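# Overview (structure and organization)
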Amino acid sequence: MASVARKLVVEVVEAHDLLPKDGTGSSSPYVVVDFDGQRKKTQTVLRDLNPAWNEALEFALIGPVDDAGEPIEVEVYHDRRAGPSSRNNFLGRVKIDPTKVVRKGEEAAVGFPLQKKNFFGWVRGEIDLKVYYVDEPVPEPAPPVPPENPVETGANEAEEPPVAAAEKVLDEKPEPEKSPEAAAADAEKPAEPVRSPEPAAENVSETVEANPTPPPPKLSAEEAAAPAAGAEKEAAPMWAPRPKQMAPPVVRSPEVAERSKYDLVDKMQYLFVRVVRSRALPADAKPHVRVAAYGRQVSTRTALRSVFFEWNQTFAFIRDASAAAADPSALEISVWDLPPDSDTHDEEDDHFLGGVRFDVSEIPLRDPPDSPLALQWYRLEGFSGRSGDLMVATWIGTQADESFPDAWKADAPTHVGSRSKVYHSPKLWYLRATVIEAHDALAPSNRDYAVAVKAALGFQVLKTRNAVSRNGALPTWNEDLLFVTAEPFGDEHKLVLSLELRHGKDAIALGSASIPLSSVERRVDDRKVASRWLHLLPEADEAPAKMGHKPGFGGRLHVRLCLDGGYHVFEEAQHCQSDFRPSARQLWQPPVGVIELGIIGCRGLLPVRAIDGKGTTDPYAVAKYGPKWARTRTVSDSFDPAWNEQYTWPIYEPSTVLTIAVFDESEDATSRSMGKVRIRISNLETNRIYRGTYPLLQLLPSGVKRMGEIELAVRFSHAGSNLDLLHVYVRPILPAMHHLRPIPAEQLEFLRLAAARIVATHLGRSEPSLRREVVLWMLDAAGNPRGYSMRRVRANWYRIMVALSWVSDVARWAEDMRAWRNPTATVLAHGVLVLLVWYPELAAPSIMGHVAVVGVWRRRRRLRELTPHLCLRASQAEVVEREELDEEFDPVPSLRGSDVVRARYDKMRSVAARFQAMLGDVAAQAERVQALVTWRDPRATGMFVVLCFVVAVTLYVVPARMTAVAAGFYYLRHPMFRDRLPSAAANFFRRLPSLGERIL
C-alpha cells in the first residue's frame, strides 16, 4: 500500500478595494501566509488596489488539518521596493479556522474582510481565498542494489575476526523506520494459521493464548445477518452439567457511572454470548450452534469452513428475573449438524455434536471501560463419539458494552435491518442554471417562433418561459432554474438542457446538451461565475424546414451554471427546521452546544396489525436532528418496549427542533407511523435533564387517536462561554445568500419536496436501509400536500388570539380604570398620569421596567418537567367533525364525488362571505379617515378643518402638560359624569362617507 502525503493549499485569488500606501493613490501588494511554522509569500502586483494573484501556496501537513491547533494567518503588505511608502506598510490580515478547510474538489473562492492588528489601525477591503487540502501519493523508495559478488562477500565476512565483525555491526546504519501507513498495512496482514494441539481428555477448558488461531474472516452484511430465531426452548439435550466455576471478583470503580455515555437512560443488563469457532468436529459436518437462555432459543448460521469452523457471532439476552428464578442454569450452548432452521426431534442423537451448560449466577459481570473478557475453549459434552471443542465467551453487561450494537438481541426480529443504526443525510446543494440566450438554432425567417429551454436533472424537470423570436431575432431568457442535487457528483450525474420549438400544442426538440455536475463551478456568495456556450446536438432533424429549423445542427445555448453553497437546502418544513447551515463547509460556524437524547421506551402502545387473529406491534423509534438520523432496534411483539438508547448531536443553532417518531415494522417491508414528538432546543435550560412521557398522537380521517406514550430524557449542554451562546441570538438565522439573493417562497416548497425525495433515496440505499416512507414522514413530505383545512383555520385564529391577548388585557384594564370598579386603583392611575406628564422622561423607563417585572414574575410559571409537545387544544383537534377531517385529507385534485365537492364548496363560500364582510368593514373605516380632508362631504370636512384650527390655537396657548392632564382626567372621569349614548366624535366619524355604495 503506497503512502500518501497530505498538503495544505492556500490559493490566493484576488483582493478588492485595498488601502493606498505609496503616496500616489495606489499600492503594490503581496500576500504572506503563515501556517504551522511555515511561511510563504506571493508575487508583488505593482500599483493595483484590486490585485489578482491566482497563486497556490502549498504547506506540508501531518495528520488531519484540525490537529494543527493554530489558525491559518494570511497577511497583506505593500512592497516598499515598488514605490515609496510610509513606515507602516500593513494592508490587513485574515485568520482562518482549520476546521473550515475542505478537501480538493469542494473548494470555492471565499471573500474574507481584512482585519486590523490593533485598535488604532486602519484597513479596508477584502481578499478572496481558496483553502483546501490534497493527498498526493509518495513514491516508494528503490530497493537496495545487491552486491556484485555475493559469494565472495560472504566468504570475506566469514574470515573476519570477531572484533572486526563487531565494529562493522556498529558502523552499519539502522534500518529506516516505516511510515505509519506502511506499518498499518503490515499490521493488517493476517497471521500464519497455527493449528492448536488436541486438548487433553481431563482438561475441560483452557484459556486461549496469544494468537492461537487465525483471525475470523471478514463477513459481508448478508453473511453477518442475524440468525434464525427458534421457537420456544426445545427439550434440553442430555449431557453432563458443567462443574461450577467461581467467577472472578469484579472490582467496580465509582467513576464508572460518571464515565458511562448512558447516563440519561436506565441501565439494562444483558447476558452476552459470543460464539467464535470450534475444532475437532467431523470433517464432513456443517454445524451450527444453538443458544438457549431465559426461555428463548436462537441459532447461528452454518459455520464457515477454514482451519476451524467459524461463526464469530454475538448474542444478547435481556435478563429476565422470573425466568432466571425458575431455572438458574438457563444458559445452554449446543452444536448441531443440521440446518439452522430445522426442528427435528426424532434424530437428535444422530445430529447432536455436544454442548456446554453454564450457571448464569456465576457468569462474570463486565462494565466498560473494563477490557473484553478472554475467549476460552470448552469441551463439548454429551456426544457419544469423539467430542470437539468450542470457543465462546460469556459475560453480563449493559447496553454500554461495545459488543451491544452489533449483537443479535433476543427480543428483536431475525432480519439484520432491525438493529439500531445511525445514518447521515447527503450534503445537498442548489444547482443554479441561468439560461441567457440561444444562437444558430433557427434559420432567418419572417415567421414568429416560440422557443423554450427544458432542463432535467434526474426526476426534476423545469422549463423557461416561451421566448418569441420575431424577424430572426435571437431568443433571450435571462431566467434562473434551480435544482437540488446531492454529493458525491459522479459522471452519471448530469444536467440535460434541451431547446424546444413550440408549434401549436406540440414541442419539437431542436437539440440538447448534457453537463456533468463534477465540472460545474462552486460558489459561496453572489459573485458571477463564468458563462459557457453549449453546442446542442440535434434531436429532431425531421422537423420541417418551413419551421425555421437548420437540419444537421442543433444550435448553441448560452448558459451560466454554478453550485450555490451559500444557501441552506431546506428538507424539512419551515416550522420544524433542525439545521440552518449552508451547503459550503467553509461558511459553517463552530457548534455552540450538544443535545443528548435518551430514548427510554414506550408504554401502552396500540396494536397496529393482526397476526393469526392477535394484535401485535414491532415498534422502533427514529430521531432526526440536522443531517444525523438515529434508529433504535426493533423490539418484537411488544406494547411496552424498552430501548434505553442514547444519542448525541452537535448544536449550531438553538432555534431548531429535534424530531422523534415511533414506527411499527411489519413483515411486508413497510413501516407504519404511530406518532411524533417535537422538542425545540431553545426551550431547554442548559445542563438540565428533562425526563418524562410524551403522548403519541396520530391524526387520522376518523379523528385523533392516541397510540401510546414514549418516555424520553433530554439534556442540552453548551460548549464554550455563555457569551458565545448568547451571541447566536443576534446573528442572522439563515445564511447571507438567503438575504442577498432570496429564493421565491413558491419555489422553496418545490425544492424542499425534491430534497426530501433525494434524502429518502440516499438513506434507502444504506445497509440496512432506512425505509423511504419513514424518511418522508419524518420530513413532512409523505403523500400529497394537504390543502384547505377548516381545523387549521380555527387553530391559526386561536394562535392569533392567544398571542394578542395582552392587547385585550390592556384594554380591559383601561376600561376598569375608566369605570371606577376599583376606586383606589383609579386614583393611583390619576397620580401616575400626572407624574408621567410632568416628567415625560420617566415614561420609557417605566414601561421597560414594567415589562421586566412581568418577565421575572412569570419565570416562576415556566415549564420545569416536560418540554412543550404536540397539543390537542392548540391544534383544535379535541372536538372536530369527521367531515372536516375528510376534507383535510382529500388530496388536490379531489377524489370525492361531485355532490360532496359541491357541498364543501358552498360551505367554503359561506366562510369566505364572512371574511369578505370583515374586509369591507376595514376598508370603510379607512375610507372614512381619508374622507376627513377629501371634501366628499363638504359640511363634515368644513367642520373638521375648523376644529383642527381651533385645536391648533388652543394647544399653542395652553401648555402641553396641562392639556395632557386635562385629556387624561376627562377620559377617566366618573361614570356619573358620562352619558351612555355614543360620544359626539363617534357620531361625527360614523357619518363620514365611504366608497361602499360605489361598489357593484
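Where an unreviewed UniProt entry is consulted, the protein appears under the name C2 domain-containing protein, with the organism given as Zingiber officinale. Regarding the protein, the UniProt comment filed under Sequence similarities (unreviewed entry) reads as follows: "Belongs to the MCTP family." Looking at the Subcellular location (unreviewed entry) heading of the UniProt record, one finds this comment for the protein: "Membrane".

Here we take up the UniProt feature "transmembrane region" (unreviewed entry) in the protein. Here the UniProt-annotated "transmembrane region" (unreviewed entry) positions come out as residues 834–857 and 944–972. A helix fraction of 83% and a strand fraction of 0% characterise residues 834–857, whose end C-alpha atoms lie 27 Å from each other. Along residues 944–972, the helical share is 90% and the strand share 0%, with 25 Å between the first and last C-alpha atoms.

A cluster of nonpolar side chains, contributed by L835, W838, Y839, L842, V946, F949, V950, V953, Y956, V957, V958 and M962, occupies part of the molecular surface with about 1200 Å² of accessible area. Contributions of two or more residues to the nonpolar patch are made by α13 (823–838) and α17 (938–957). For the nonpolar patch, the element with the highest residue contribution is α17, accounting for six residues. Relative to the elements of secondary structure, V958 occurs in the loop between α17 and α18 (960–971). On the basis of relative accessible area, V958 is assigned to the partly exposed category, the value being 30%.

What follows is about the pattern of salt bridges. When their charged atoms lie close together, side chains carrying opposite charge are able to pair. Under the definition given, this model contains 55 salt bridges. The partner of D440 in a salt bridge is R556, and the shortest N-O contact between them spans 3.7 Å. Here D440, found in the loop between β23 (428–439) and β24 (449–457), pairs with R556, found in strand β33 (residues 556–564); they are 116 residues apart in sequence, far enough to count as distant. On the accessibility criterion, D440 (33% relative accessible area) is partly exposed.

Looking along the chain, the bond that leaves E487 and enters P488 is cis, with omega of -5 degrees. On the secondary structure map, P488 appears in the loop between β27 (476–486) and β28 (494–503). Looking along the chain, the bond that leaves E767 and enters P768 is cis, with omega of 0 degrees. Mapped onto the elements of the fold, P768 is located in the loop between α9 (745–764) and α10 (772–778).

So, on to the pairing of strand β9 (residues 126–137). Regular strands show a simple pattern: their side chains alternate between the two faces of the sheet. Where strand β1 (residues 4–16) lies against β9, twelve bridges are found, and the strand directions are antiparallel. Of the residues in β9, the one forming a bridge with E14 is D128. Sheet topology note: the strand β7 (residues 102–103)/β9 ladder contains two bridges and is parallel. Each residue of the ladder has a partner; that of R103, found in β9, is Y133. As paired elements, strand β8 (residues 110–113) and β9 share four bridges and run antiparallel to each other. Of the residues in β9, the one forming a bridge with P113 is E126.

Moving on: the packing of aromatic side chains. For the structure on display, the rule yields 15 aromatic pairs. Here the aromatic rings of Y620 and F663 are separated by 5.9 Å at their centres, their planes lie at 25 degrees, and the arrangement is stacked. Of this pair, Y620 sits in strand β37 (residues 619–625) while F663 is found in strand β40 (residues 657–665), placing the two residues 43 residues apart along the sequence. For the pair Y620 and F663, a shared accessibility class is recorded, and that class is buried. Aromatic pair F663 and W777: ring centres 5.7 Å apart, planes at 80 degrees, arrangement edge-to-face. Here F663 is found in strand β40, whereas its partner W777 is found in helix α10, with 114 residues between them in sequence. The rings of Y270, F272, W395 and F404 are connected pair by pair, giving a single aromatic cluster. The positively charged end of K409 is found above the aromatic ring belonging to F404, 4.3 Å away from the centroid. One cation-aromatic arrangement involves R631 over Y620; the distance from NZ or CZ to the ring centre is 4.0 Å.

Reading the values: rules and limits
Residues numbered from 1 in each chain as written. Predicted model: local features only at pLDDT ≥ 70, side-chain atom pairs only at ≥ 80, totals over all residues. Heavy atoms only, no water. UniProt positions renumbered as here; feature names shortened; annotations may be inferred. Helix = DSSP H or I, 4+ residues; strand = E, 2+ residues; numbered from the N terminus. Patch = residues over 30% accessible without salt bridge, like charges linked within 9 Å, V, L, I, M, F, W, Y side chains within 5 Å. Areas by Shrake-Rupley, 256 points an atom, 1.4 Å probe, with all protein chains shown as cover. Salt bridge = Lys/Arg side-chain N within 4 Å of Asp/Glu carboxyl O. Buried < 20%, exposed > 50% of the residue type's maximum accessible area, 1.4 Å probe, protein only. Pairing = 2+ DSSP bridges. Phe/Tyr/Trp six-rings, centres within 6.5 Å; stacked < 30°, edge-to-face > 60°. Lys NZ or Arg CZ within 6 Å of the ring centre and 35° of its normal.

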